[in-house]
Each structure stands twice: as C-alpha cells, then as structure tokens.
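Topology and contacts: notes
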Amino acid sequence: MPPARIRATGSYVPRKRLTNLDLEKMVDTSDEWITTRTGIRERRIAGPAEACSDLALKASKRALKAGGVKAADLDLIIVATVTPDTFVPSAACVLQSKLGASRAAAFDVNAACSGFIYALSVADSFIRSGKCLNVLVVGSEVLSRVTNWQDRSTCVLFGDGAGAALLGPASDETFQSRIISVNIYADGNMGDLLMIPAGGSRRPASEDTLKNRLHCLQMSGNETFKIAVKTLESLVRNTLGAAGLTPSDISLFVPHQANLRIIRATAERLGIPIDKVAVNIDRLGNTSAASIPIALDEAVRSGRVKSGDYVLLEAFGGGLTWASALLRW
Ligand code: ACO
C-alpha cells in the first residue's frame with residue numbers, strides 16, 4: 001500500500017478581531033504584558049451564530065477546492081476539537097451533513113492542542129491500510145465559548161479558527177510527497193494542569209458549576225510551559241533522528257501556537273532559524289487543534305512550501321498530549 005500524503009489544505013478564521021487593547025478594558029492586563037509574555041497581539045472571535053462545524057465547513061470547502069475532490073468522494077472525516085457544537089452528534093457528523101459527504105464515516109478526536117496531529121495519525125493509518133482513499137482532517141475550535149473572560153491568566157491566550165487538510169495516497173512513482181511519520185504521546189497523570197472541570201459525567205452542569213465558571217478552561221500556565229519546552233525539544237530530535245534527518249534538513253517548522261516564547265525556545269534549542277518557523281500566534285492567539293492546520297495552510301498558500309521540502313509539525317497540549325509529524329511535500 002502507498003503511504004499517505006497531504007494533497008491540499010484550507011483554513012478559515014472569523015472576522016471579529018479582539019485586540020490586547022480591547023482586553024485591557026475587560027480585565028486587569030496590559031498590551032505590554034500579553035505581547036512580551038505570549039507574543040499575542042490580537043485573536044479572532046466567532047460570531048454568535050458560528051459554532052465549531054461552521055468554521056470547519058469553510059476551511060474544509062477551501063481544502064476540497066484546492067485538492068479538486070468532491071465532498072461526495074470523501075471516505076472519512078475526522079474533526080479534532082475540544083469545542084464541538086454539541087457532545088452528540090459529533091462535530092464531524094454535523095460537518096459531514098453540511099458538506100453533503102454522504103459516503104464518509106465521521107468522528108471527532110479530542111487531544112486538545114495536539115488534536116490535529118492525533119487526527120492526522122488516524123487518517124494516515126486508514127490510508128496506509130488501504131481502507132480509505134480520501135480523508136478530510138480538520139482542526140476547528142471556538143475556544144471563546146469555553147473561556148472565562150474574568151480570568152486574566154487564560155482569557156488573553158485563546159482564539160477561534162479552523163484548518164483542514166485533505167489526505168490521500170501518495171501518487172507519484174517514487175512516493176516522494178508523503179507523510180514520513182506521525183508520532184503521538186500522552187501522560188494522563190498531568191491532566192489537571194489544563195482542564196475544563198465541569199460539563200462531563202464527573203461534574204454535570206449545575207447552578208454551582210455555572211456560578212464558579214467550571215465549564216471554562218483552566219490552566220496551570222507556568223508549569224505547562226516548562227514541561228512543554230522540555231518535551232518538545234526531545235520530541236523533534238527523536239522524530240528527525242528516526243528518519244535519519246537533522247534540524248538543518250527542515251524547510252518549514254510548524255509548531256502549535258501556544259506561546260511565542262515556547263516556539264522561539266524550541267527553535268533555538270534545535271538550531272532552526274526563525275525564518276523557517278510558521279508563526280501566526282501574533283494574529284490569532286492559541287487556537288488549539290486549529291493552530292497547526294491554519295499555519296500550514298497559510299504557508300502553502302503563500303508559496304513557502306515547495307515540492308520536496310521536509311516539513312515538521314509538532315504540538316503539546318491538554319491531556320497532557322504531545323505529537324509530531326514529519327512530511328515530505
Ligand atoms: N496580565 C497581567 N498579568 C498577568 C496576566 C495577564 N493577562 N496573567 C497572569 N499575570 C500575572 C500573574 O498573576 C503573575 O503575577 P504574580 O507574579 O504577581 O503572581 C505573573 O503575571 C506571572 O504569571 P505566570 O503564570 O508565571 O506567567 P508566565 O510567564 O508563565 O506566562 C502563560 C503565562 C502565558 C500562560 C505561559 O505560562 C504559557 O504560555 N504557558 C504554556 C501554555 C501551553 O503551552 N499550554 C498548552 C497548550 S494549550 C491547550 O492545550 C488548549
């Protein structure tokens with residue numbers, strides 16, 4: 001069976017911008033603190049009528065158009081998200097209906113910020129096994145709906161958006177353009193560092209959970225930061241080492257966009273120059289599972305990725321989870 005490859009990408013971000021100056025009026029913070037600590041200048045916020053599947057739909061249509069594939073020809077749709085429209089049905093099923101992808105199986109993956117690469121690994125396996133030809137992998141988040149807008153330590157970080165990748169089997173004779181490896185990891189012992197405490201079966205919605213905003217994301221930012229920087233360097237070195245490559249072979253590095261300081265520290269430790277790093281956190285904030293496919297789509301559409309380039313994706317997020325993918329374009 002041929003390996004899988006990414007045939008096309010697409011993305012969508014909502015129109016409404018929320019700047020650091022806007023946030024200064026909402027909580028005790030400053031543009032200076034947010035910019036120096038995170039690199040974020042503004043983020044996008046979904047409109048009142050926009051849910052996860054609406055953002056996913058726009059990104060997906062762009063990926064399908066770029067790939068020249070009809071929705072009716074999709075075999076599988078996977079949506080990576082922690083903010084689905086509803087728990088049931090899944091965002092992927094809602095998206096399947098909106099796209100009219102009547103042949104496609106559909107399900108969601110929840111691995112927080114690592115979700116897109118987790119979903120990519122599932123898609124890669126389905127294609128390599130010969131079970132699917134056309135797979136749509138989407139990262140879509142409306143984090144503004146699970147943000148505690150009174151908590152300055154988290155509300156300045158997150159934004160909304162969606163990115164999509166259309167996958168299929170490698171088609172050229174040498175299989176040059178392909179997914180070389182996808183690696184996914186987890187450590188549930190540290191799950192409480194980043195969580196939405198209520199709304200699930202442990203603590204169903206109640207007056208108390210609403211009053212205490214327990215349906216919103218909580219994060220021990222500083223501790224997560226230190227683990228992320230340490231984990232990501234070895235993750236990237238192991239991913240490249242297994243393929244017989246070094247950081248200097250990478251043409252484009254697409255990290256999850258959680259904090260510009262994490263991105264810079266990881267790139268510096270690896271010796272990857274910053275001009276080879278895809279960065280959109282300044283404009284979009286942390287869009288969780290959507291950050292990597294949006295950044296990848298921006299790079300593809302601006303011509304930053306060329307045939308034969310090695311592209312490296314990496315993420316770290318709630319769960320805890322972390323993941324990497326090495327691609328040849
Ligand atoms: N404005 C002003 N001051 C603030 C703000 C704010 N918005 N937020 C926190 N502070 C204060 C704190 O109260 C603290 O004050 P104190 O020293 O008087 O107690 C001080 O700033 C420092 O706080 P820290 O939390 O130590 O700040 P830090 O430098 O760690 O930055 C941040 C916080 C940006 C959250 C950082 O820790 C981070 O990016 N962490 C990693 C996030 C991550 O990778 N998450 C995983 C992916 S996300 C996902 O999966 C959904």
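To keep things clear, this report deals only with the structure shown in the data block. This one's a predicted model, so the numbers in the text were calculated from it and none came from an experiment.

The next point concerns the pattern of salt bridges. Enumeration over the complete set of coordinates arrives at 10 salt bridges. Between R283 and E298 there is a salt bridge; the shortest N-O distance is 3.1 Å. Of this pair, R283 sits in helix α10 (residues 281-284) while E298 sits in helix α11 (residues 291-301); the two residues are 15 residues apart in sequence, bridging distant segments of the chain. You can call R283 partly exposed: its relative accessible area is 35%. A relative accessible area of 25% places E298 in the partly exposed class. Each of E233, R237 and R269 takes part in salt bridges that share partners, so that together they form one network.

With respect to topology, 4 strands assemble into an open sheet ordered β8-β13-β12-β11, the strand pairing being mixed. A single partner strand is all that each edge strand has here, and the edge strands are β8 (178-186) and β11 (250-255). The average angle at which neighbouring strand axes cross in this sheet is 10°, direction not considered. Here β11 pairs with strand β12 (residues 310-317) via 5 bridges, running parallel. Its bridge partner being in β12, I250 is matched across the sheet by Y310. This element, α11, spans β11 and β12 of the sheet and lies at about 145° to β11.

Moving on to the pairing of strand β7 (residues 160-169). Within β7, 9 of the 10 residues are buried, leaving the element largely enclosed by the surrounding structure. Pairing between strand β1 (residues 4-12) and β7: 8 bridges, direction antiparallel. Along β7, the bridge assignment pairs S11 with G163.

Definitions and cut-offs
- Residues numbered from 1 in each chain as written.
- Predicted model: local features only at pLDDT ≥ 70, side-chain atom pairs only at ≥ 80, totals over all residues.
- Heavy atoms only, no water.
- Salt bridge = Lys/Arg side-chain N within 4 Å of Asp/Glu carboxyl O.
- Helix = DSSP H or I, 4+ residues; strand = E, 2+ residues; numbered from the N terminus.
- Buried < 20%, exposed > 50% of the residue type's maximum accessible area, 1.4 Å probe, protein only.
- Pairing = 2+ DSSP bridges.
- Axes fitted to C-alpha atoms, helices over the stretch in contact; angles between N-to-C directions.
- Contact = heavy atoms within 4.5 Å.

Keep in mind that these numbers describe shape and distance, not what the molecule does.
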